Structures are given as structure tokens and as C-alpha cells.
Amino acid sequence: VGCFVLARHLLRQSAIQQSNKVEKGVQLNSPFLKDTSVVKASVDTIYTTLCDTYNGALDEEEQSEMSLDRRFCTKAWNKTMEDCERERMKRHDQLGCFDYDYWISAQDWDVLSYKIEKVSMQDATHAVVYVVLKNREVKTLFQLWMRKEDGHWRIDDLRSDSEAPSSLMQIARDYIAE
């Protein structure tokens, strides 16, 4: 009877440990990683707002770059961009980190539109989304490095195939470190 009780206890402990592992992380073969609908819906919201902003459908308060950053980017992104702005002011630099609008990877725009090409889940809290932004007749491919933060999918880094093919976060960090 004692061996039976001990074996049952060990099996139960093993099951509890396995359950805790599953709760703490999504397995790579999890169906969750195949369901990209929540990430896609977040990016749809971001880029619909972006296009409405640049196409003049929103009021002026909602049209600032910083407003988009605060609404749709991670805390780390916002802190880095705020540090860039402080550094720009300290240096009395007119341009700062970027000499173009990083949201559209251009200095000028006409009517913007977008298409989500692909959503790739990295794990339960990270995804890479490929978006094509059309500005005039120019199409720019963006990679959005997304992170789930405070229950929402937010942009953690942004890369485009035009002006700055490298990470915007890295460009900002390099500017701060100069």
C-alpha cells in the first residue's frame, strides 16, 4: 500500500510540473502559433489608423507621430524614441534620429493604403508581420516586430526595404550612443 501511495504521489507531482510548463509557455507545435487572427486584427487597426491619419480623416491631435507611437508601440519603443528626442534637443539638431517619417519610410506622401502580406508567430508573445504600404505609386515592404504587452499586440521594432533597411530601434540606439 505504501509503494502504491508513493507512486501515485510521484505521478501526481509529475503531472503538476508538466501542467506548469504548459501554462508558462506555448509549445512550438501549439495550434495557438497557427492562429494569427488577433495579431492581424491589431495590425489592421494600426494601419487603418495610420492611413486615416495621413489621408486626413482624423483630427489634428490624433495626427502626430508621437500619438501613433504611444498608441501602438511598446514601452521600450516609446522610451527609446523619447530618449532620441531628448538627445536631439540637447544637440540642437534639427533632424534628430531620422530625416524621414519612419511610419511611412518617406518624407512626402499622397494617399496611403496597405496590405498585410504575412503574419509569422515566433512564440506566444512575439510575431513578425509583413505589410506593404502603398504611397503614391511606390510600394514599401515593412517588417513589424510585434510584442504582446499588457494584453495588446504592439510594435516593438520596425524595418522597411527602402530608406533604412535596418532596425529603427537600432538606428535610434546608435544615434543616442554617438
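All values reported here derive from a predicted model rather than from experimental measurement.

Next up on the list: the state of the cysteines. Such a bond, covalent and formed between the sulfur atoms of two cysteines, is termed a disulfide. If you walk through the whole model with that rule in mind, you get one disulfide. Residue Cys84 pairs covalently with Cys97 via a disulfide, S to S 2.1 Å. Looking along the S-S bond of the Cys84-Cys97 disulfide, the torsion reads about -90°, which is the left-handed sense. With Cys84 in helix H4 (residues 75–91) and Cys97 in the loop between H4 and strand S1 (112–123), this pair connects stretches of sequence that are 13 residues apart.

Most peptide bonds adopt trans geometry, and most residues besides glycine take a negative phi value. Although it is not a glycine, Ser105 adopts a positive phi angle of roughly 55°. With respect to the helices and strands, the residue Ser105 is situated in the loop between H4 and S1. The exposure class of Ser105 is buried, given its relative accessible area of 7%. Positive phi outside glycine occurs at Arg136, with the angle close to 60°. Looking at where Arg136 falls in the secondary structure, it is placed in the loop between strand S2 (126–135) and strand S3 (138–149). Its relative accessible area of 47% is what places Arg136 among the partly exposed residues.

What follows deals with the packing of aromatic side chains. Considering all chains together, one arrives at six aromatic pairs under this definition. Ring centres 6.0 Å apart and planes at 75° place the aromatic pair Phe98 and Tyr100 in the edge-to-face group. A network of ring pairs unites the aromatic residues Trp77, Phe98, Tyr100, Tyr102 and Trp103 as a single cluster. Sitting over the face of the ring of Tyr175, Arg91 holds its NZ or CZ atom 4.1 Å from the ring centroid.

Right, let's get into the pairing of S2. The element S2 is extensively covered by neighbouring structure, given that seven of its ten residues are classed as buried. Relative to S2, S1 runs antiparallel, the two being bridged by ten bridges. Following the sheet pairing, Lys118 is matched in S2 by Tyr130. Linking two consecutive strands that pair antiparallel, namely S1 and S2, is a turn of two residues. The sheet contact formed by S2 and S3 spans ten bridges and is antiparallel.

As for its placement among the helices and strands, Glu87 is situated in helix H4. When residues no more than four places from it in sequence are discounted, the contact partners of Glu87 are Tyr175 and Ile176.

Let us now look at the nonpolar core. Core analysis: the largest hydrophobic core is formed by 39 residues, its most contacted members being Tyr47, Trp103, Leu144 and Met146. Listed by contribution, the elements that provide at least two residues to this core are helix H2 (37–54), helix H3 (65–72), H4, S1, S2, S3, strand S4 (152–160) and helix H5 (168–177). Of all the elements, H2 adds the most residues to this core, at seven residues. In this view, Leu144 contacts Val43, Tyr47, Ala127, Val128, Val129, Val131, Ile155, Asp157 and Leu158; residues no more than four positions away in its chain are not counted.

Definitions and cut-offs
- Residues numbered from 1 in each chain as written.
- Predicted model: local features only at pLDDT ≥ 70, side-chain atom pairs only at ≥ 80, totals over all residues.
- Heavy atoms only, no water.
- Disulfide = S-S within 2.5 Å.
- Helix = DSSP H or I, 4+ residues; strand = E, 2+ residues; numbered from the N terminus.
- Buried < 20%, exposed > 50% of the residue type's maximum accessible area, 1.4 Å probe, protein only.
- Phe/Tyr/Trp six-rings, centres within 6.5 Å; stacked < 30°, edge-to-face > 60°.
- Lys NZ or Arg CZ within 6 Å of the ring centre and 35° of its normal.
- Pairing = 2+ DSSP bridges.
- Contact = heavy atoms within 4.5 Å.
- Core = buried A, V, L, I, M, F, W, Y, C linked by side-chain atoms within 4.5 Å.

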